[in-house]
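# An overview of the molecular structure
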Amino acid sequence: MKLKQTKYIFVTGGVLSSLGKGIAAASIGTLLKNSGLNIGILKADPYINVDPGTMSPFEHGEVFVTDDGAETDLDLGHYERFLDESLSQSNNFTTGRVYQSVIEKERRGEYLGKTIQVIPHIVDEIKDRIKNAGKDKDILIVEIGGTVGDIEGLPFLEAIRALKLEVGKNNAMNIHLTLVPFIKAAGELKTKPTQHSVGELRRIGISPDMIICRSEKSLDKELKNKIAISCGVEKNCVIESIDAASIYQIPLNFLKQDILSAIANILDLKNLKPDMENWNNLVKRVIAPSNEVKIAFVGKYIDLKESYKSLTEALIHAGAALDTKVNIKWIDSEKLQNLDSLEDLKDVNGILVAGGFGYRGVEGKIKAINYAREHNIPFLGICLGMQLALIEFARNVLKLKDANSSEFDEKCQNPIVYLIDEFIDSNGTKQIRTSKTPLGGTMRLGSYECEIKKDSLLSKIYHNAKSVKERHRHRYEANPKYKKMYEDKGLIISGENKGLIEAIELKNHPFFLAVQFHPEFTSRLENANPVICGFIKAALNNEYN
Ligand code: GLN
């Protein structure tokens, strides 16, 4: 820590959701981190779920998993990918979590008989959690989920209002992200929604210090000045955030508008000169790469691409590292299941089968894996993708026709994938699960060691490392009972964790790798994941006709 005390940047959103608050917060974090400061970042979500773990991808996009096994908001993924840092449970909390701890404290009698109220108890709990996340950090960026005006967001806004007063001048600032829509009929960008949104913030006692305007078109000086005057911020504190070809351009776009001088002024910081050279070079390769590959992405949530956010971003990172554009051909596994021909897989350089839950689309994924195996097409299977690669191998090579996962067929005679009832979680605690265990919080979650087999493809990918740590999110495990049978037929178990199967590969295939972990969770723009890079490299070498 360089500064004497932690300073706070609070990021709120107005007008509507999905404006990219998380990316704006992460972009500012990147610029500050690359200026040599120690940055922390936190997402506070006003919804009631204790964590997003049990939410459907249709509701909430991807569930992002941290090293310590927290199932968090997908914005934490953006933070890690931008800041190249591993975050934890303490970097994301929800209303549900806040109430849960306040109620637990109340039950333990810690409030000494007081009446428990939103003010002060809930707000204090929120403040404490923010302060905790800011410990030892020069700057903590706090993103408040939702939109200003939401009823459930009020305690969070009250907490940041009070905290700003508590830490004093030059130690906290409010950034408000709004939409400046372009109205075609009038041919104009409109500032009124921004003014209303700031008005709403003011009503609860928060005056923004900086406005970031999402818009389709560039804001001229006159318009920026108008926003500055009507919203009561300095002229250099109106920053535009226009739609960019890549999200990784956004820090660079902010930098061009000298956002750091404005922040330095408000927070009384000196010498903010970020080193963005490496970042800049990677962004150039994201936008105008020299090579191209086409990857078939076989999944069942393809109408909802947000649910594969980390994986699609990881493909971009690998592409940047290899100066390659990764074109994704989305393939609906459920549709594939009912097709006679696999025409869709004929023009791709690689086949990727992603993770998932439930039986829908599974047989289509197995078909795609079979095609990749038999046609020597580079293949990467992730989590469910590995489980299904084993089932495919068991059914078609080992000739165990009823091979399945007990997730899909509880009575199956050849449970290639099954439910183990005891495992040690990433905090070292013994967990017991049965088919009757409730869904929330009973998975093998977070970072686990994977011991790598010498001279394997996996070992080559991880530059001869003996072991690596990657993140998990699954309930079922590959059954080690079939290990010998696999090995006799040329399937290698190349990664293991205390006897649990972590990675498999095929001997006589250009690139056939499947992993139980999710390599995409540790991939960052400046640090692409080796497994994904290895796969894209193999795809680059695989010319289709
Ligand atoms: N459904 C499988 C399991 O629970 C795979 C999970 C996943 O792909 N993330 O083990």
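Residues numbered from 1 in each chain as written. Predicted model: local features only at pLDDT ≥ 70, side-chain atom pairs only at ≥ 80, totals over all residues. Heavy atoms only, no water.

The name an unreviewed UniProt entry assigns to the protein chain is CTP synthase, from the organism Campylobacter novaezeelandiae. Within the UniProt record for the protein chain, the comment given under Pathway (unreviewed entry) is "Pyrimidine metabolism; CTP biosynthesis via de novo pathway; CTP from UDP: step 2/2." (UniProt positions renumbered as here; feature names shortened; annotations may be inferred.)

## A few points about the sheet that holds strand β20 (residues 444-452)
What the 9 strands build is an open sheet, ordered β13-β12-β14-β15-β25-β24-β23-β20-β21; its pairing is mixed. Since the sheet does not close on itself, it has two edges, and those belong to β13 (324-332) and β21 (467-474), each with one partner. Ignoring strand direction, the axes of neighbouring strands in this sheet form an average angle of 25°. One ladder, built from 4 bridges, connects strand β15 (residues 379-382) with strand β25 (residues 512-515); its direction is parallel. Paired with G381 across the bridge in β25 is A514. Against the sheet, helix α14 (residues 362-374) contacts β12 (291-299), β14 (350-353), β15, β24 (500-506) and β25, and its axis sits at roughly 150° relative to β14. (Pairing = 2+ DSSP bridges. Helix = DSSP H or I, 4+ residues; strand = E, 2+ residues; numbered from the N terminus. Axes fitted to C-alpha atoms, helices over the stretch in contact; angles between N-to-C directions. Contact = heavy atoms within 4.5 Å.)

## Structural notes on the site of the ligand
Near the ligand the following residues occur: G355, G356, F357, C383, L384, Q387, E407, R473, H474, R475, Y476 and H518. Taking Y476, its main chain carries an N or O atom lying 2.8 Å from an oxygen atom of the ligand. The protein chains hide 99% of the 300 Å² of surface that the ligand would expose on its own. When residues of the shell around the ligand are traced back to their parent elements, those giving at least two are α15 (384-396) and β21. (Near = heavy atom within 4 Å. Polar contact = N/O pair within 3.5 Å; in protein donor to acceptor, adjacent residues only side chain to side chain. Areas by Shrake-Rupley, 256 points an atom, 1.4 Å probe, with all protein chains shown as cover.)

## Topic: the environment of V468
Here V468 shows up in strand β21. C-alpha separation for the pair V468 and E451, spaced 17 residues apart in sequence, amounts to 6.8 Å. With near-sequence residues (within four places) excluded, V468 lies in contact with Y448, E449, C450, I452 and Y462.

## Structural notes on the nonpolar core
In terms of nonpolar packing, the biggest core is built from 64 residues, with I9 and I28 touching the most fellow members. When sequence neighbours within four positions are dropped, the list of residues in contact with I28 reads I9, I141, I175, I212, F254, I259 and I263. One finds L336, V417, Y476 and F512 within the second-largest nonpolar core, a separate group that totals 42 residues. (Core = buried A, V, L, I, M, F, W, Y, C linked by side-chain atoms within 4.5 Å. Buried < 20%, exposed > 50% of the residue type's maximum accessible area, 1.4 Å probe, protein only.)

## Quick look at the pairing of strand β2 (residues 39-45)
Summarising burial for β2: 7 of the 7 residues are buried, a large majority. Taking every second residue as pointing to the same face, both faces of β2 are buried, with I39, I41, K43 and D45 on one and G40, L42 and A44 on the other. Here β2 runs beside strand β5 (residues 92-94); their pairing, made up of 3 bridges, is parallel. Counterpart to K43 in the pairing with β5 is N92.

## Some thoughts on the sheet that holds strand β1 (residues 7-13)
Strand order in the open sheet made by the 7 strands is β5-β2-β6-β1-β7-β10-β11, with parallel pairing throughout. Each having just a single partner strand, β5 and β11 (238-242) make up the two edges of the open sheet. Within this sheet the neighbouring strands show an average axis-to-axis angle of 20°, counted without direction. Together, β2 and β5 form the strand contacts of helix α4 (residues 95-107), whose direction differs from that of β5 by roughly 75°. Sheet strands in contact with helix α5 (residues 118-134) are β1, β2, β5 and β6 (139-144), and its direction is about 140° off that of β6.

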